[in-house]
Amino acid sequence: TPSERRSFGVSGGAFVEDIASGSPAEVDGLPSVTIVTRVEDRPVSTAEEAQAFHGVLAQRGVPALLRVRRQDGVTAFYDLASPYVD
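Residues numbered from 1 in each chain as written. Predicted model: local features only at pLDDT ≥ 70, side-chain atom pairs only at ≥ 80, totals over all residues. Heavy atoms only, no water.

Trainee: Which residues make up the side chain of Thr-37, and what are the values?
Mentor: Summarising the element assignment, Thr-37 is placed in strand E2 (residues 34-39). Owing to a relative accessible area of 16%, Thr-37 belongs among the buried residues under this scheme. Setting aside residues up to four positions removed in sequence, Thr-37 forms contacts with Val-10, Gly-12, Gly-13, Arg-42, Pro-43, Val-44, Arg-67 and Val-68. (Helix = DSSP H or I, 4+ residues; strand = E, 2+ residues; numbered from the N terminus. Buried < 20%, exposed > 50% of the residue type's maximum accessible area, 1.4 Å probe, protein only. Contact = heavy atoms within 4.5 Å.)

Trainee: Explain the nonpolar core to me, and be specific about the residues and the numbers.
Mentor: Residues Leu-30, Val-36, Val-39, Leu-66 and Val-68 are the most contacted members of the largest nonpolar core, which totals 16 residues. Of all elements in the fold, only E2, helix H3 (47-59), strand E4 (64-70) and strand E5 (75-80) reach the threshold of two or more residues within this core. Beyond its immediate sequence surroundings of up to four residues, Val-39 is in contact with Val-44, Ala-50, Phe-53, His-54, Leu-57, Ala-64, Leu-65 and Leu-66. (Core = buried A, V, L, I, M, F, W, Y, C linked by side-chain atoms within 4.5 Å.)

Trainee: Go over the packing of aromatic side chains, please, and point to the residues and values.
Mentor: Scanning the model with the defined rule gives one aromatic pair in all. For the pair Phe-8 and Phe-15, a centre-to-centre distance of 6.1 Å together with 65° between the ring planes defines the contact as edge-to-face. (Phe/Tyr/Trp six-rings, centres within 6.5 Å; stacked < 30°, edge-to-face > 60°.)

Trainee: Tell me what's going on with the side chain of Thr-34, and back it up with residues and numbers.
Mentor: Summarising the element assignment, Thr-34 is placed in strand E2. For Thr-34, a relative accessible area of 1% corresponds to the buried category. A polar contact is formed between the side chain of Thr-34 and the backbone oxygen of Pro-31, at a distance of 3.2 Å. Those residues within four positions of Thr-34 in sequence are excluded, and the remaining contacts are Phe-8, Ala-14, Phe-15, Val-16, Val-68, Arg-69 and Arg-70. (Polar contact = N/O pair within 3.5 Å; in protein donor to acceptor, adjacent residues only side chain to side chain.)

Here you go:
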């Protein structure tokens, strides 16, 4: 939402509210309460965009590098090697 983006100091991205226990994202260390702003070098605006692009990479067997903004204002990178296939 616009208020979440303002509180994180970003103009776009996909909000990650929660990470399911035992999920590939948890195994790879992606924290909850973050905003994914890029998958590889591609900016994302919605969770659907992030999942779709990550799914394409997973089908190719390529890990996805996610750029995220954490709640503490730090920009961090997470390499998601676990496959996400819808």
